[in-house]
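Chain residues, written in single-letter form:
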Amino acid sequence: GVIIVDTLMGPFSAAMAFKDLRKHSDKPVKAIIYTHSHGDHIGGATAFAGDDEPDIYATENFGSAEGVNEAVSPVKMRRNIRQFGRDLPTEERTNRGVAPANTHDKDGGKGFLPPTIRISESGHRETIAGVDVEFHLAPGETDDAMFIWLPEEEVLFAGDNFYHSFP
């Protein structure tokens, strides 16, 4: 089976990514893992899940990423504008963290599926579709973040606790 880590902003982008994945594998999706609850990580799950009904993993406190109080929200919005260069002219926008600057996100959130399995302790281990997976709670960009470690493959899925570029 296939394990999907984060599902993009919405079903349109997720379906395009899944179509490309299907060029390499026709295995069923056994699990979806959300590294945190920001919309650009959780909005396209339906495109990946299809009829497979995968388990959906997230932290115990999943959803608290947007639970910022009213005093912090204006600061957060200004930070996001700077972080992603939203006020820059189009020709000067190069990326949105690790994604191209002009991604399709008009259907953001419309493909969200709620978690079915909650991770409450760092270092939790499971075998999913024959793959050993470690879940590590890692508050960073959000307080509901975790990273995923595949010990056999020595592969790390850091979510947004690591950025390729940052203004």
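Residues numbered from 1 in each chain as written. Predicted model: local features only at pLDDT ≥ 70, side-chain atom pairs only at ≥ 80, totals over all residues. Heavy atoms only, no water.

A.B. asks: Lay out the sheet that holds strand 1 (residues 2-5) with the relevant residues and their values.
C.D. replies: The parallel open sheet is built from four strands, whose spatial order is 1-2-3-6. Two strands bound the open sheet, and with one partner strand each, they are strand 1 and strand 6 (117-119). With direction set aside, neighbouring strand axes in the sheet form an average angle of 20°. In terms of strand pairing, strand 2 (residues 29-33) meets strand 3 (residues 55-59) through three bridges, oriented parallel. Bridging from a neighbouring strand, I32 pairs with I56 of strand 3. (Pairing = 2+ DSSP bridges. Helix = DSSP H or I, 4+ residues; strand = E, 2+ residues; numbered from the N terminus. Axes fitted to C-alpha atoms, helices over the stretch in contact; angles between N-to-C directions.)

A.B. asks: Tell me about the environment of I119, and name the residues and values.
C.D. replies: Relative to the helices and strands, I119 is located in strand 6. Sequence spacing of I119 and A58 is 61 residues, and the spatial spacing of their C-alpha atoms is 6.0 Å. Setting aside anything within four residues of it in sequence, one finds I119 in contact with Y57, A58, T59, E60, H124, F135, L137 and M146. (Contact = heavy atoms within 4.5 Å.)

A.B. asks: Which residues make up helix 1 (residues 11-21), and what values go with them?
C.D. replies: If you check which residues of helix 1 are buried, you get S13, A14 and F18. Along the axis of helix 1, the buried positions cluster into a sector of 135°, meaning they face one direction only. Buried positions along helix 1 lie against strand 2 and helix 3 (45-49). (Buried < 20%, exposed > 50% of the residue type's maximum accessible area, 1.4 Å probe, protein only. Arc of directions from axis to C-beta.)

A.B. asks: Outline the packing of aromatic side chains, listing residues and values.
C.D. replies: Scanning the entire structure with this criterion turns up five aromatic pairs. Between the aromatic rings of F18 and F48, the centroid separation amounts to 5.4 Å while the plane-to-plane angle is 70°, which identifies the pairing as edge-to-face. On the criterion of sequence distance, the pair formed by F18 in helix 1 and F48 in helix 3 is long-range, its members being 30 residues apart. F48 gets classed as buried once you look at its relative accessible area, which sits at 6%. By way of ring pairs, the aromatic residues Y34, F62 and F112 are connected into one cluster. (Phe/Tyr/Trp six-rings, centres within 6.5 Å; stacked < 30°, edge-to-face > 60°.)

A.B. asks: Report on the nonpolar core, specifying residues and quantitative values.
C.D. replies: Of all hydrophobic cores here, the largest spans 14 residues; its most connected members are I4, V29, I32, Y34, F48 and F62. With near-sequence residues (within four places) excluded, I32 lies in contact with I4, T7, A45, F48, A49, P54, D55, I56 and Y57. Within the second largest apolar cluster, 11 residues are counted, among which are Y57, V131, F135 and I148. (Core = buried A, V, L, I, M, F, W, Y, C linked by side-chain atoms within 4.5 Å.)

A.B. asks: Now, about the pattern of salt bridges: what can you tell me, with residues and values included?
C.D. replies: Overall, the coordinates contain two salt bridges when judged by the stated rule. Across the pair K23 and D20 runs a salt bridge whose closest N-O atoms are separated by 3.1 Å. Here E134 and R125 are joined by a salt bridge, their closest N and O atoms 3.1 Å apart. (Salt bridge = Lys/Arg side-chain N within 4 Å of Asp/Glu carboxyl O.)

A.B. asks: Requested: an account of unusual backbone geometry, with residues and values cited.
C.D. replies: For D6, which is not glycine, the phi torsion reads 65° and is therefore positive. Relative to the elements of secondary structure, D6 occurs in the loop between strand 1 and helix 1. The buried category is assigned to D6, whose relative accessible area is 15%. Backbone geometry places E154, a non-glycine residue, at a positive phi of 55°. Secondary-structure assignment places E154 in the loop between strand 9 (146-150) and strand 10 (155-157).

Purely geometric stuff here, so don't read any function into it on its own.
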